[in-house]
There are 2 protein chains.
Amino acid sequence: MTISIIGVGLIGGSMALTLKEKGFATKLIGVDANPEHAQKALALGLVDEVKELHAAVQESGLVILATPINAAEALLPMVLQMVDQQVVMDVGSTKKTICEAASQSPKRGRFVATHPMWGTEYSGPEAAVKNAFEKKATVICNKEDSDADAVALVEQVYGLLGMHIVYMNAEDHDVHVAYVSHISHITSFALANTVLEKEREEDAIFELASGGFESTVRLAKSNPAMWVPIFMQNKDNVLDVLNEHIAQLRKFKSCLEKENYEYLAELIEKANGIRRILK
Amino acid sequence: MTISIIGVGLIGGSMALTLKEKGFATKLIGVDANPEHAQKALALGLVDEVKELHAAVQESGLVILATPINAAEALLPMVLQMVDQQVVMDVGSTKKTICEAASQSPKRGRFVATHPMWGTEYSGPEAAVKNAFEKKATVICNKEDSDADAVALVEQVYGLLGMHIVYMNAEDHDVHVAYVSHISHITSFALANTVLEKEREEDAIFELASGGFESTVRLAKSNPAMWVPIFMQNKDNVLDVLNEHIAQLRKFKSCLEKENYEYLAELIEKANGIRRILK
């Protein structure tokens with residue numbers, strides 16, 4: 001099958017690698033607003049050809065929309081106007097807005113809203129990696145609004161990528177990802193700024209930074225072009241979680257100020273409960 | 001050389017493994033307040049014998065104090081009373097308090113204050129791992145207060161563990177670790193509590209939790225018996241950093257509330273500066 005990847009970066013490029021390797025994509029067409037990214041994707045062998053949007057969609061059986069989510073929201077209605085029997089899937093980190101963008105299209109049934117739960121702090125075609133999605137979860141949202149054959153094709157794609165599929169509605173998805181992904185990025189950005197703002201001796205950080213620091217701060221390398229639209233689109237859920245997180249941090253602050261170390265131990269024991277969820 | 005490890009847990013046990021493997025420790029003696037830990041360390045082969053404190057110190061050339069830091073603070077003056085020419089080193093996460101505890105001893109010169117910058121979220125003898133410290137940094141504090149031969153022995157130990165040594169005074173150390181280690185643990189504990197408090201659907205977290213979530217939350221599994229004393233001893237520095245961190249989080253909150261996405265992008269770009277420090 002010929003597959004178009006719109007936005008040949010970390011996610012689109014990583015998908016391209018596996019779909020080619022497994023023989024599912026007989027031809028991969030790259031479309032990218034940034035000509036340098038498109039050429040880089042070609043040079044790296046992520047795609048076989050680079051085309052403009054309309055020609056790519058016409059020629060493809062499957063179109064994977066893998067741009068930042070604000071661009072995806074703008075592009076999807078236009079792509080659906082070009083579609084006959086092709087299937088269009090997105091891979092964005094929020095699902096309510098993109099489903100609303102699709103809902104007015106007479107071709108809504110050809111679209112499948114998805115979110116593979118994998119990423120790194122890097123972006124662009126150079127960030128693409130092989131076997132990226134294996135054994136991770138992916139979400140398909142509002143399945144009932146998509147044609148059965150379109151869902152079946154997307155399920156096949158995620159099967160080839162080695163992912164297990166979770167089905168939920170778009171609104172629930174957006175609440176859950178605020179907890180399991182978006183807040184982690186905000187705390188990481190804020191932690192990086194805390195250290196960069198106050199710890200003037202960068203050499204000392206560089207020397208001493210251990211695994212714990214690295215793991216809590218690595219997400220702070222993530223790209224604003226990707227993350228600002230996510231926070232915009234999921235603002236209400238992210239604000240709810242952020243307010244709760246600040247309240248939780250204030251409890252730690254209060255324990256230290258009042259030297260209430262019994263309550264501090266309780267807070268830590270409670271946090272240890274995360275072991276139930278993360279093995 | 002016969003070496004005593006007081007507190008045969010994650011750090012003491014991991015050191016024992018390498019010092020034995022490299023042939024530096026001809027005999028390893030374990031001392032632990034928890035008899036189950038001591039027996040477990042023996043069963044796991046971390047130590048060759050288990051003894052009570054006085055006998056162990058008498059027999060050893062090097063004593064490694066690897067208990068939680070509140071116990072180390074209490075034990076060190078007593079251990080120094082038992083010492084003739086033995087060298088005593090600690091491995092705790094704060095350095096000012098332990099150096100103060102040593103400062104009144106006529107045997108202060110036999111003590112070397114150190115902090116190897118490695119750990120995991122696990123604890124106890126079962127958590128010990130081989131080659132744990134390799135290529136990480138370790139700190140030696142207030143070197144001028146230790147006898148030259150004691151420092152030389154400790155430098156040899158860290159060389160065998162494959163660590164590079166950074167020298168600084170205890171007060172500077174405690175400021176730096178508040179930034180590069182202690183605040184990461186507080187944000188991780190608070191993040192775990194945020195999710196456990198508000199996200200009632202633990203199944204959804206379990207299904208969806210991706211690498212980003214796992215890396216920012218894994219430290220929340222850390223043991224209160226280790227961390228409460230660290231926050232106690234480094235309270236003032238940790239509070240400074242925590243206050244700054246809450247202020248940084250409030251900036252993100254304000255951007256979202258006011259829909260000021262330009263400033264949000266600026267905050268993220270600034271956070272990206274952590275790339276200068278973490279490769």
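These figures come from a predicted structure and were not determined experimentally.

Cut-off values and rules
Residues numbered from 1 in each chain as written. Chains lettered and ligands numbered in written order. Predicted model: local features only at pLDDT ≥ 70, side-chain atom pairs only at ≥ 80, totals over all residues. Heavy atoms only, no water. Helix = DSSP H or I, 4+ residues; strand = E, 2+ residues; numbered from the N terminus. Rg over C-alpha atoms; globule rule 2.2 N^0.38 Å. Buried < 20%, exposed > 50% of the residue type's maximum accessible area, 1.4 Å probe, protein only. Contact = heavy atoms within 4.5 Å. Areas by Shrake-Rupley, 256 points an atom, 1.4 Å probe, with all protein chains shown as cover. Pairing = 2+ DSSP bridges. Axes fitted to C-alpha atoms, helices over the stretch in contact; angles between N-to-C directions. Least-squares fit on C-alpha atoms with pLDDT ≥ 70 in both. Right-handed = clockwise from strand over helix to strand, strands pointing away. Arc of directions from axis to C-beta. Parallel < 35°, antiparallel > 145°, perpendicular 65-115°, else oblique. Nonpolar A, V, L, I, M, F, W, Y, C, P; charged D, E, K, R; others polar.

With respect to the overall build of chain A
Helices and strands together make up the secondary structure of chain A, namely 12 helices and eight strands. The C-alpha radius of gyration computed for chain A amounts to 21 Å, which stays within 12% of the reference 19 Å derived for 279 residues, consistent with globular compactness. Burial status across chain A gives 59% buried among its 279 residues. Look at the contacts in chain A between residues 6 or more apart in sequence, and 73% of them connect residues 24 or more apart. Counting only carbon and sulfur atoms, one obtains 49% of the accessible surface of chain A, whose full area is about 10800 Å².

Focus on the sheet that holds strand 1 (residues 2-6) of chain A
Residues and elements named next belong to chain A. Here we have eight strands laid out as an open sheet, ordered 3-2-1-4-5-6-7-8, and mixed in their pairing. Each of the sheet's edge strands pairs with one partner strand only, and the pair in question is strand 3 (49-50) and strand 8 (164-168). Pairing geometry for strand 5 (residues 87-90) and strand 6 (residues 111-116), over two bridges, is parallel. Residue pairing in the sheet places Met89 in a bridge with Val112 of strand 6.

Overview of the sheet that holds strand 5 (residues 87-90) of chain B
Residue and element names in this part refer to chain B. Sheet architecture is open: eight strands sit in the order 3-2-1-4-5-6-7-8, paired in mixed fashion. Lying at the two open borders of the sheet, with one neighbouring strand each, are strand 3 (49-50) and strand 8 (164-168). Relative to strand 2 (residues 27-31), strand 1 (residues 2-6) runs parallel, the two sharing five bridges. Bridge pairing in strand 2 links Ile3 to Leu28. Across the sheet, helix 4 (residues 69-82) is in contact with strand 1, strand 4 (62-65), strand 5 and strand 6 (111-116); its angle to strand 4 comes to roughly 165°. In this fold helix 7 (residues 170-198) packs onto strand 6, strand 7 (137-141) and strand 8, with an angle of close to 115° to the strand it touches most, strand 8.

Overview of the relation of the copies chain A and chain B
Each of the two chain copies can be brought onto the other by rotation about an axis and movement along it. Under the fitted operation, chain A is carried onto chain B by 0.0 Å of movement along the axis and a turn of 180°, and the coordinates agree to an RMSD of 0.0 Å. Accordingly, the operation relating the two chain copies is best matched by a two-fold axis. Closest approach to the rotation axis among the C-alpha atoms of chain A is made by Thr216 of chain A, whose C-alpha sits 2.2 Å away. Taken together, the interface assignments show that 100% of the residues at the interface of chain A recur at the interface of chain B, consistent with an identical surface on both copies.

Overview of the pairing of strand 4 of chain B
Residue and element names in this part refer to chain B. Burial of the side chains of strand 4 extends over both faces: Leu62 and Ile64 are buried on one face and Val63 and Leu65 on the other. Strand direction decides the pairing type here: strand 1 and strand 4, joined by four bridges, are parallel. Of the residues in strand 4, the one forming a bridge with Ile5 is Ile64. Bridge analysis of strand 4 against strand 5 gives four bridges, and the strand direction is parallel. Bridging from a neighbouring strand, Ile64 pairs with Met89 of strand 5. A crossover connection joins strand 4 to the parallel strand 5 through helix 4; in handedness this β-α-β unit is right-handed.

Let's talk about helix 12 (residues 261-271) of chain B
Within helix 12 of chain B, burial applies to Tyr261, Leu264, Ala265, Leu267, Ile268 and Ala271 of chain B. One side of helix 12 of chain B carries all its buried residues, which in axial view fall inside an arc of 160°. Against helix 7 (170-198), helix 10 (224-233) and helix 11 (235-257) of chain A together with helix 11 (235-258) of chain B lie the buried residues of helix 12 of chain B.

Some details on the packing of helix 4 of chain B against helix 10 (residues 224-233) of chain B
When two helices pack together, you describe them by how their axes are tilted relative to each other and by the distance separating the axes. Residues and elements named next belong to chain B. One can describe the packing of helix 4 onto helix 10 by two numbers: an axis separation of 7 Å at closest approach and a directional angle of 70°. Between helix 4 and helix 10, the angle is such that the two are roughly perpendicular. Each of Ile69, Asn70 and Glu73 in helix 4 lies in contact with helix 10, whose residues at this interface are Pro229, Ile230 and Gln233. Its residues placed into classes, the contact of helix 4 with helix 10 shows three nonpolar, two polar and one charged.

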